[in-house]
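One-letter residues, chain by chain:
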Amino acid sequence: MKRIFKRLRQTMGLVFALLIESINVITSYAYSAGVERSLPDTGDSMAIFIWILVLFVALGGIITAIIMLFHNKKK
């Protein structure tokens, strides 16, 4: 069981690092292309909240899928 959680932590760490790095690369390319950021509108905070909520749901699905893969592998 400890090995499963260790592997799960490693996998989630890699996925999280990949997400952060991809966001950094996308924004750096956007800035280098001359795209300027506009001032945030009133609805931007709600859009960010919904985006974060969807991100957490997706990460929960990934965690559940990995746990089920390891659980079904033992049978």
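Preceding this section is the structure that the text describes.
S.K.: I tried to follow a nonpolar patch on the surface on my own but got confused; where do I start?
M.R.: Taken together, the side chains of Met46, Phe49, Ile50, Leu53, Val54 and Val57 present a nonpolar region at the surface, about 600 Å² in accessible area. Residue position: Met46 is located in helix H2 (residues 44-74). Here Met46 falls in the partly exposed class, since its relative accessible area comes to 49%.

S.K.: Could you clarify how one ought to interpret the environment of Thr11 in this entry?
M.R.: In this structure, Thr11 sits in helix H1 (residues 2-32). For Thr11, a relative accessible area of 28% corresponds to the partly exposed category. Along the chain, Thr11 and Ile63 lie 52 residues apart, while their C-alpha atoms are 9.3 Å from each other. One polar contact links the side chain of Thr11 to the main-chain carbonyl oxygen of Arg7, over a distance of 2.8 Å.

Parameters and conventions
- Residues numbered from 1 in each chain as written.
- Predicted model: local features only at pLDDT ≥ 70, side-chain atom pairs only at ≥ 80, totals over all residues.
- Heavy atoms only, no water.
- Patch = residues over 30% accessible without salt bridge, like charges linked within 9 Å, V, L, I, M, F, W, Y side chains within 5 Å.
- Areas by Shrake-Rupley, 256 points an atom, 1.4 Å probe, with all protein chains shown as cover.
- Salt bridge = Lys/Arg side-chain N within 4 Å of Asp/Glu carboxyl O.
- Helix = DSSP H or I, 4+ residues; strand = E, 2+ residues; numbered from the N terminus.
- Buried < 20%, exposed > 50% of the residue type's maximum accessible area, 1.4 Å probe, protein only.
- Polar contact = N/O pair within 3.5 Å; in protein donor to acceptor, adjacent residues only side chain to side chain.

Purely spatial values, then, with no claim about function.
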